[in-house]
Amino acid sequence: MSIKSVFSSKASVDEVVNDLVEQLESFNASMILFFASPKYEPYCISKKMQESFPESTVFGCTTAGEICNGKILNESVVAMAFKGQALEDIKNRNCRKP
């Protein structure tokens, strides 16, 4: 399963999203789930994330603290990027009969 988790603690929405774009540049994610500190205005971060990853389905929410790869963060944005096969793996796992 191909999932990549990244984070950024830059000062502005533009800087954070640009940093995340750089970190995910060659990953070719089909879906991105992000968790953003309320430091970043929700509408602005959501709009910028969707504009910056036009080939991906992007959605997210605000948090009271962020965790990424075992690190506890504050005032940051964490993004989990999923490749197509990861989504198929999840779909198939969740659709199996018990």
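Residues numbered from 1 in each chain as written. Predicted model: local features only at pLDDT ≥ 70, side-chain atom pairs only at ≥ 80, totals over all residues. Heavy atoms only, no water.

A. Here's a closer look at the side chain of Asp-19. Take Asp-19: it is sitting in helix H1 (residues 13–23). The side chain of Asp-19 sits in the buried core without any salt bridge; Lys-10 is the nearest counter-charge, 4.7 Å away. Non-local contacts of Asp-19, meaning those with residues more than four positions away in its chain, are made with Phe-7, Ser-8 and Lys-10. (Helix = DSSP H or I, 4+ residues; strand = E, 2+ residues; numbered from the N terminus. Buried < 20%, exposed > 50% of the residue type's maximum accessible area, 1.4 Å probe, protein only. Lys, Arg positive; Asp, Glu negative; His and termini not counted. Salt bridge = Lys/Arg side-chain N within 4 Å of Asp/Glu carboxyl O. Contact = heavy atoms within 4.5 Å.)

B. View of the environment of Pro-54. Among the structural elements, Pro-54 can be located in the loop between helix H2 (42–52) and strand S3 (57–62). Sequence-wise, Pro-54 and Ser-30 are 24 residues apart; in three dimensions their C-alpha atoms are separated by 9.6 Å.

C. Seen up close, the packing of aromatic side chains. This structure, assessed with the given rule, holds zero aromatic pairs. The ring of Phe-27 has Lys-83 lying over it, and the distance from NZ or CZ to the ring centre is 4.9 Å. (Phe/Tyr/Trp six-rings, centres within 6.5 Å; stacked < 30°, edge-to-face > 60°. Lys NZ or Arg CZ within 6 Å of the ring centre and 35° of its normal.)

D. Quick look at the sheet that holds strand S2 (residues 31–36). One open sheet accounts for four strands, arranged S1-S6-S2-S3; its pairing is mixed. Across the chains shown, the open sheet's two edge strands, defined by having one partner strand only, are strand S1 (3–8) and S3. Adjacent strand axes in the sheet meet at a mean angle of 15° when their direction is disregarded. Pairing analysis gives six bridges linking S2 to S3, with the strands arranged parallel. Its bridge partner lying in S3, Phe-34 is registered against Gly-60. The strands touched by H1 within the sheet are S1 and strand S6 (77–82), with S1 carrying the most contacts at an inclination of about 150°. Packing of H2 onto the sheet brings it into contact with S2, S3 and S6, and relative to S2 it is tilted by some 155°. (Pairing = 2+ DSSP bridges. Axes fitted to C-alpha atoms, helices over the stretch in contact; angles between N-to-C directions.)

E. Geometry of H1. Those residues of H1 lying buried are Val-13, Val-16, Val-17, Asp-19 and Leu-20. Projection of H1 onto a plane perpendicular to its axis shows the buried side chains occupying an angular sector of 155°, all on one side. Looking at the buried positions of H1, the neighbouring elements they touch are S1, H2 and S6. (Arc of directions from axis to C-beta.)

F. View of the pattern of salt bridges. Enumeration over the complete set of coordinates arrives at two salt bridges. When the shortest N-O distance is used, the salt bridge between Asp-14 and Lys-48 registers 3.5 Å. Here Lys-48 lies in helix H2 and Asp-14 lies in helix H1, a separation of 34 residues in the sequence. A relative accessible area of 43% places Asp-14 in the partly exposed class. The partly exposed category is assigned to Lys-48, whose relative accessible area is 22%. Residue Lys-47 is joined to Glu-51 by a salt bridge in which the shortest nitrogen-to-oxygen separation is 2.8 Å. Highlighted residues: Lys-47 and Glu-51, both in helix H2, separated by four residues, approximately one helical turn. Taking the relative accessible area as the measure of exposure, Lys-47 reaches 40% and is therefore partly exposed.

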